[in-house]
Amino acid sequence: MDHNVYLLATDPKNPCRDVIHSRDTRLKVRVYCLDEEQFRPDDDEVQLYGYANSKLFAFETIDIAAEDAIDLVGAIKWYASYIQCPNMEILPEDPRPGRNNIAM
């Protein structure tokens, strides 16, 4: 397994607005706390979801490139470990009732 290095950009004014950066690829992933903010999926990006510490998160790529898509799950797993929830289940669609945005 590759051991990519990830970096985290945080917004001091909004603790739910993290951006994960891969040091080794061009992958960038925006993190949304769905319990605390609105989220409108971008049809041109990939979205995955996960529960951690009783909160639902959405992870959306930023200007995804095909060669970076394979790195997405690794970046989310790194983030889950960072927030001390290493067993986060990564979901391909929004689990909230009435929202079935399947990752493409």
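Here we summarise the structure given alongside this text.

Details of the pairing of strand β2 (residues 14-22)
Here comes step 1: Pairing geometry for strand β1 (residues 6-11) and β2, over 5 bridges, is antiparallel. Bridge pairing links leucine 7 to histidine 21 in β2.
Here comes step 2: Connecting β2 to the antiparallel partner strand β3 (residues 28-33) that follows it, the hairpin turn spans 5 residues.

Re the pattern of salt bridges
Here comes step 1: A complete count under the given rule lists 6 salt bridges for this structure.
Here comes step 2: Residues glutamate 37 and arginine 17 are paired through a salt bridge, measuring 2.4 Å at the closest nitrogen-oxygen approach. Placement of glutamate 37 in the loop between β3 and β4 (47-52) and of arginine 17 in strand β2 is noted, with a sequence separation of 20 residues between them.
Here comes step 3: With a relative accessible area of 16%, glutamate 37 lands in the buried category.

Cut-offs and rules
- Residues numbered from 1 in each chain as written.
- Predicted model: local features only at pLDDT ≥ 70, side-chain atom pairs only at ≥ 80, totals over all residues.
- Heavy atoms only, no water.
- Pairing = 2+ DSSP bridges.
- Helix = DSSP H or I, 4+ residues; strand = E, 2+ residues; numbered from the N terminus.
- Salt bridge = Lys/Arg side-chain N within 4 Å of Asp/Glu carboxyl O.
- Buried < 20%, exposed > 50% of the residue type's maximum accessible area, 1.4 Å probe, protein only.

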